[in-house]
Amino acid sequence: MKSDRTRSQERILQLLKQCDRAISAQDIYVELRTRDRAVGLATIYRALESLKLEGVIQCRTLPTGESLYSCVQADRHHLTCLQCGQSIAIDECPVEQLEHRLESLHQFKIYYHTLEFFGVCLTCAPTEVDNSDDRTQVTKLHHHHSHDRSN
């Protein structure tokens, strides 16, 4: 599939490989311009879509609606604070076995998955929450589990 990539797709893929974090399409646009490799924003979105369908990049959508793109790597999971937006990466994968079962059961090639837990970090948690029962309620208040295959 590699030979079918456009020059824009190759430039974006190279940029994502060099980044140590997921970045937005706007970040990609600005970074390519600073490298004298200007590509229009619409072209960037089209290229990102093609690279996603090829399975070489992944997309993570934040609670703000912003999408961040990165090269497909080991699946990452996150605890994300709804108040301040802080995102804490979790290294363990609680659904790895499920992924293998689903691939086998449905004859479906999974490129990657995302797993997000939404809540409130200790800094943002209400100060009046002081007993463990209430704290459990705050943690359980918002959680969302997404297996993002189409983005």
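Let us look at the structure shown here. Small disclaimer: the values here were computed from a predicted structure and weren't measured. (Residues numbered from 1 in each chain as written. Predicted model: local features only at pLDDT ≥ 70, side-chain atom pairs only at ≥ 80, totals over all residues. Heavy atoms only, no water.)

### Re the environment of R60
Right, so step 1: Of note, R60 is situated in strand β1 (residues 57-61).
Right, so step 2: Setting aside its immediate chain neighbours within four residues, R60 contacts E66, S67, L68, H78, T80, S87 and E116.
Right, so step 3: A distance of 3.5 Å separates polar atoms of two side chains, one belonging to R60 and the other to H78. (Helix = DSSP H or I, 4+ residues; strand = E, 2+ residues; numbered from the N terminus. Contact = heavy atoms within 4.5 Å. Polar contact = N/O pair within 3.5 Å; in protein donor to acceptor, adjacent residues only side chain to side chain.)

### Examining the sheet that holds strand β4 (residues 87-90)
Right, so step 1: Strand order in the open sheet formed by three strands is β4-β3-β5, and the pairing between neighbours is mixed. Two strands close off the open sheet at either side, each with one partner strand: β4 and β5 (115-119). When the angles between neighbouring strand axes are averaged without regard to direction, this sheet yields 20°. (Pairing = 2+ DSSP bridges. Axes fitted to C-alpha atoms, helices over the stretch in contact; angles between N-to-C directions.)

### Things to note about helix α2 (residues 25-34)
Owing to its 3.6 residues per turn, the α-helix aligns residues three or four sequence positions apart on the same side.
Right, so step 1: When we look at burial in α2, the residues that qualify are A25, I28 and L32. Down the axis of α2, the smallest arc covering the buried residues is 55°, so these residues share one side.
Right, so step 2: D36 sits one or two positions beyond α2 and adopts a positive phi of about 55°. (Buried < 20%, exposed > 50% of the residue type's maximum accessible area, 1.4 Å probe, protein only. Arc of directions from axis to C-beta.)

### Some points on the pairing of strand β2 (residues 67-71)
Right, so step 1: Most of β2 is tucked away: four of the five residues are buried.
Right, so step 2: Bridge count between β1 and β2: five bridges; the pairing is antiparallel. Pairing of R60 across the sheet is with L68, part of β2.
Right, so step 3: With antiparallel pairing between neighbouring strands as the criterion, β1 and β2 make up a hairpin whose turn holds five residues, including G65 at a positive phi of roughly 100°.

### Considerations on unusual backbone geometry
Right, so step 1: For D36, which is not glycine, the phi dihedral falls at a positive 55°.
Right, so step 2: Here D36 lies in the loop between α2 and α3 (41-54).
Right, so step 3: D36 sits in the exposed class, given a relative accessible area of 70%.
Right, so step 4: Phi is positive for Q107, close to 50°, though the residue is something other than glycine.
Right, so step 5: Looking at the secondary structure, you find Q107 in the loop between α4 (96-106) and β5.

### A few points about the environment of T6
Right, so step 1: By the element assignment, T6 lies in the segment before α1 (7-18).
Right, so step 2: Spatially, the C-alpha atoms of T6 and A47 are 8.0 Å apart, while their sequence positions differ by 41 residues.

### Focus on the side chain of R60
Right, so step 1: With relative accessibility at 15%, the residue R60 sits in the buried group.
Right, so step 2: A distance of 2.6 Å separates the side chain of R60 from the side chain of S87, its partner in a polar contact.
Right, so step 3: Only 2.7 Å separates the side chain of R60 from the side chain of E116, close enough to count as a polar contact.

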